[in-house]
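# Structure at a glance
Here is what each chain is made of, one letter per residue.
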Amino acid sequence: MLPILAGISLLTAVVVAWVAGRGQSFRWWLLLARTAVLLGLCAAAVALIRSQVEPGALRATMEEPADPYAKWMVTSMLEVPAAGLTAMVFFLVVRWWGRRRPALPPRGRQSADRPGSAGRPTMPEPGEIWLAMVPYREGTGEESQHYCIVVTCHEHHAGVLQITSQNKDARRDHIRMPNVGWDEVSGKDHWTEIGVPLREVPYEKFLTVSPQGQCPATTWDQIRAAHPTEFADQPSSGDADAGASRGESRVDQ
């Protein structure tokens, strides 16, 4: 019976840790670390409950002719809510931390900053999806963290289209885009701007050291069709499925 209960507790901790990290870049080691922390916190909460209730509150239940399961029942009624409350606090903290920090970048790429920066060869390329501080269209100077599709690259900034998870089916300036190739974790639907002026994002405003992934081929084809001016000086991409063919040319300012 004990191994079964331990297995249920472990599985529950893994699920909570995984759900808490949804929408962030997936790392096995991070999932295992969160699971271990959650199990440790729950064990500490249970130990604290036992240390507080056993000396006094359970004394009456342990006296004869008490039910042999009385102690187990009383402690369970307190331990389960304590563990559940601990898991809820852990979940909220992880979600809050994930929203205030940029997602972990994929491996194998160098940092992106400015063109020609020593030791920082990786730059945003057309057709890639990046996490960046994207300016509002109102022109107030405010900006917020969003995923975006890089459409053009200039000397000091990139022209991007913002991605959102808010439903934009009723808007003509947005299209629904697949998650394939860049978001395999969150399970959310996404929409991107299209047919509108590009937002200018300085290279230092890109928050990760490498792209989240490539823009899905069908979405990229729609963007090329809706923005003929931006692609006028670029050769047509022969194979939309090849990420390199979408990002091998740049627009010079």
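Our subject in this report is the structure included herewith. As the structure is a prediction and not an experimental result, all values here were calculated from the model. (Residues numbered from 1 in each chain as written. Predicted model: local features only at pLDDT ≥ 70, side-chain atom pairs only at ≥ 80, totals over all residues. Heavy atoms only, no water.)

## Here we look at the overall build of the protein chain
Helix and strand counts for the protein chain come out as six helices and seven strands. Secondary structure elements in the protein chain, listed N-terminal to C-terminal, are α-α-α-α-β-β-β-β-β-β-β-α-α. Scored against the burial criterion, the 253 residues of the protein chain give a buried share of 40%. Of the contacts made within the protein chain by residues no fewer than 6 positions apart, 64% connect residues no fewer than 24 positions apart. As displayed, the protein chain has an accessible area near 14800 Å², and 60% of this comes from carbon and sulfur atoms. (Helix = DSSP H or I, 4+ residues; strand = E, 2+ residues; numbered from the N terminus. Buried < 20%, exposed > 50% of the residue type's maximum accessible area, 1.4 Å probe, protein only. Contact = heavy atoms within 4.5 Å. Areas by Shrake-Rupley, 256 points an atom, 1.4 Å probe, with all protein chains shown as cover.)

## A short note on a nonpolar patch on the surface
The grouping of Leu 85, Met 88, Val 89, Leu 92, Val 93, Trp 96 and Trp 97 at the surface amounts to a nonpolar patch, some 700 Å² of accessible area in total. Following the sequence through the fold, Trp 97 ends up in helix 4 (residues 70-100). The exposure class assigned to Trp 97 is partly exposed, which follows from its relative accessible area of 39%. (Patch = residues over 30% accessible without salt bridge, like charges linked within 9 Å, V, L, I, M, F, W, Y side chains within 5 Å. Salt bridge = Lys/Arg side-chain N within 4 Å of Asp/Glu carboxyl O.)

## Description of the packing of aromatic side chains
Scanning all chains against the criterion turns up four aromatic pairs. With centroids separated by 5.4 Å and ring planes inclined at 85°, the aromatic side chains of Trp 220 and Phe 231 adopt a geometry described as edge-to-face. Highlighted residues: Trp 220 in helix 5 (residues 217-226) and Phe 231 in the loop between helix 5 and helix 6 (243-247), separated in sequence by 11 residues. Both residues of the pair, Trp 220 and Phe 231, belong to the buried class. Each residue in the set Trp 130, Tyr 203 and Phe 206 is aromatic and connected to the rest through ring pairs, giving one cluster. (Phe/Tyr/Trp six-rings, centres within 6.5 Å; stacked < 30°, edge-to-face > 60°.)

## Let's talk about the nonpolar core
Counting residues in each nonpolar core, the largest one holds 17 residues, and the members touching the most others are Ile 129, Ile 149, Ile 163 and Ile 223. Contributions of two or more residues to this core are made by strand 1 (128-135), strand 2 (143-153), strand 3 (157-164), strand 4 (174-177) and helix 5. With three residues, strand 2 is the largest single contributor of residues to this core. Residue contacts for Ile 149: discarding those within four places in its chain leaves Glu 128, Ile 129, Gly 159, Val 160, Leu 161, Ile 163, Met 177, Thr 192, Cys 215, Thr 219, Trp 220 and Ile 223. (Core = buried A, V, L, I, M, F, W, Y, C linked by side-chain atoms within 4.5 Å.)

## Remarks on the pattern of salt bridges
With the rule as written, the count across this model stands at six salt bridges. With a closest N to O distance of 3.0 Å, Lys 205 and Glu 143 form a salt bridge. Of this pair, Lys 205 sits in the loop between strand 6 (199-202) and strand 7 (213-214) while Glu 143 is found in strand 2, placing the two residues 62 residues apart along the sequence. For Glu 143, a relative accessible area of 29% puts it in the partly exposed group. With its nearest N and O atoms 2.8 Å apart, the salt bridge here joins Arg 171 to Asp 173. Asp 173 gets classed as partly exposed once you look at its relative accessible area, which sits at 23%. Members of the salt-bridge network, linked through shared partners, are Arg 137, Glu 193 and Arg 199.

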